[in-house]
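A look at the structure
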Amino acid sequence: MRSFLYKLFVGKVSIDYKPKYDPIQKRILNIKSIWNNDHQDDNGIEKIVRLLLSISQLLFPGVYIKYIACKIGHEFQDLAMDVYILLKVAFPILILINGWQSNLFLIYLMIYVLAETLLYIPTLIFASDLFTRPRSYKRSMLLLFFNYIEIVVAFGVLYTLGENMNKPFSHWFDSIYFSLVSSNSIGFGDYYPITTYGKVLVSMQAIFFLSFVILFLNFFSTKVKGKGYFDNDEIA
């Protein structure tokens with residue numbers, strides 16, 4: 001049973017392979033690489049944005065979860081991140097189902113991990129000079145889909161904070177439904193924001209849809225066919 005579960009969740013990896021740097025060291029080296037213009041002759045606002053994106057990942061749990069998994073065994077890094085991303089999707093759903101919107105600690109925690117998701121993909125694309133390509137681009141696409149679901153559900157929670165809509169949500173899934181149709185700029189008209197807070201949320205979500213889903217999904221889908229979105233041939 002143990003070998004079956006290992007084969008199912010971990011897959012075929014070389015346990016003899018030892019990465020030269022752990023995830024935190026890679027992040028720090030990547031920041032230094034951007035600062036020193038080792039791989040790209042950028043400056044001004046481009047360099048500032050790339051530095052901020054790369055540094056931002058040290059402020060969130062993801063890189064430290066990968067670090068702990070790497071200490072157990074580098075082959076468990078992908079599995080640890082899979083579990084973490086699924087938990088990030090489930091967290092706002094649990095808030096809605098159980099009506100925990102009044103718990104400010106849970107709301108702030110949800111916003112915190114949501115910020116990690118919103119910053120991770122642009123960091124991966126624009127500020128990953130030293131990072132090796134993943135084992136599977138299709139896995140990256142799948143995780144991107146779960147990231148999008150997390151954003152939809154988390155915004156669904158944010159829409160329920162106060163009386164921001166033309167009418168109250170009658171079921172916990174109604175806010176997710178509104179978030180989904182808003183992110184796709186459909187707008188059936190059964191729900192619509194009436195407060196500035198609600199209108200700002202809808203506007204932000206529309207921007208995230210255009211940038212996160214269209215631009216980044218297109219980026220990943222084109223790289224699936226080619227060598228990859230990183231130049232390094234080493235497989236993480």
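The numbers attached to residues start from 1 for each chain and follow its sequence in the written order. Reporting of local features is limited, given that this is a predicted model, to residues whose pLDDT is at least 70; pairs of side-chain atoms are given and counted only at 80 or more, and all residues count toward the totals for whole chains, interfaces and linings. The basis for every side-chain value is the complete set of non-hydrogen atoms in the structure, without hydrogens or water.

Considering helix α5 (residues 77-98)
Between its first and last C-alpha atoms α5 spans 31 Å; for 22 residues at 1.5 Å apiece the expected length is 32 Å, and the two agree. By the burial criterion, the buried members of α5 are Q77, A80, M81, Y84, I85, K88, V89, F91, P92, I95 and L96. Those residues of α5 hidden inside the fold are in contact with α2 (23-35), α4 (61-72), α6 (104-126), α7 (137-159) and α8 (172-183). A run of H or I in DSSP becomes a helix once it reaches four residues, and a run of E becomes a strand once it reaches two; helices and strands are each numbered from the N terminus. Residue count minus one, scaled by 1.5 Å, sets the expected span of a helix. Partly exposed describes any residue whose relative accessible area lies between the buried limit of under 20% and the exposed limit of over 50%, with all areas from a 1.4 Å probe on protein chains only and scaled to the type maximum. For this analysis, residues touch if any pair of their heavy atoms sits within 4.5 Å.

Structural notes on the UniProt feature "transmembrane region" (unreviewed entry) in the protein chain
UniProt positions are given in the numbering used here, feature names are shortened, and annotations may be inferred rather than shown by experiment. Taking the UniProt record as the reference, the feature "transmembrane region" (unreviewed entry) is found at residues 48-67, 79-100, 106-130, 142-162 and 200-220. Counted over residues 48-67, helix gives 80% and strand 0%. Its end C-alpha atoms are 26 Å apart. Annotated as residues 142-162, this span is 86% helix and 0% strand, and its ends, taken at the C-alpha atoms, are 33 Å apart.

Remarks on the side chain of Q205
As for its position among the elements, Q205 is in helix α9 (residues 196-225). Polar contact criterion, stated in full: a pair of N or O atoms within 3.5 Å, where within protein one must be able to donate a hydrogen and the other to accept it, and residues adjacent in sequence count only if both atoms are side-chain atoms. For Q205, the side chain forms a polar contact with the side chain of S179, separated by 2.7 Å. Beyond its immediate sequence surroundings of up to four residues, Q205 is in contact with V152, F155, Y159, S179, S182 and S183.

Some points on a nonpolar patch on the surface
Side chains of I97, W172 and F173 sit close together on the surface and give an oily, nonpolar patch of about 290 Å² of accessible area. Along the chain, F173 turns up in helix α8. Among the residues examined, F173 registers a relative accessible area of 43% and is labelled partly exposed. Each patch is built from residues lacking any salt bridge and having more than 30% relative accessible area; the joining distance is 9 Å for like charges and 5 Å for nonpolar side chains (Val, Leu, Ile, Met, Phe, Trp, Tyr). Calculation of accessible area relied on Shrake-Rupley with a 1.4 Å probe; when residues are assessed, cover is drawn exclusively from the protein chains displayed. We count a salt bridge whenever a side-chain nitrogen from Lys or Arg sits within 4 Å of a carboxyl oxygen from Asp or Glu.

Brief notes about the packing of aromatic side chains
Here a ring pair, both rings aromatic, is described through the centre-centre distance and the interplanar angle of the planes. Aromatic rings from Phe, Tyr and Trp, taking only the six-membered ring of Trp, are treated as a pair when their centres fall within 6.5 Å; an angle between ring planes under 30 degrees marks them as stacked, one over 60 as edge-to-face, and anything in between as tilted. For the coordinates displayed, the defined rule picks out nine aromatic pairs. Centroid distance F60 to Y112: 5.2 Å. Interplanar angle 35 degrees. Geometry classified as tilted. Placement of F60 in the loop between α3 (44-56) and α4 and of Y112 in helix α6 is noted, with a sequence separation of 52 residues between them. A relative accessible area of 7% places F60 in the buried class. Centre to centre, the rings of Y159 and F178 are 4.9 Å apart; their planes meet at 80 degrees, and the pair counts as edge-to-face. Here the residue Y159 occupies a position in helix α7, and F178 occupies one in helix α8, the gap between them amounting to 19 residues.

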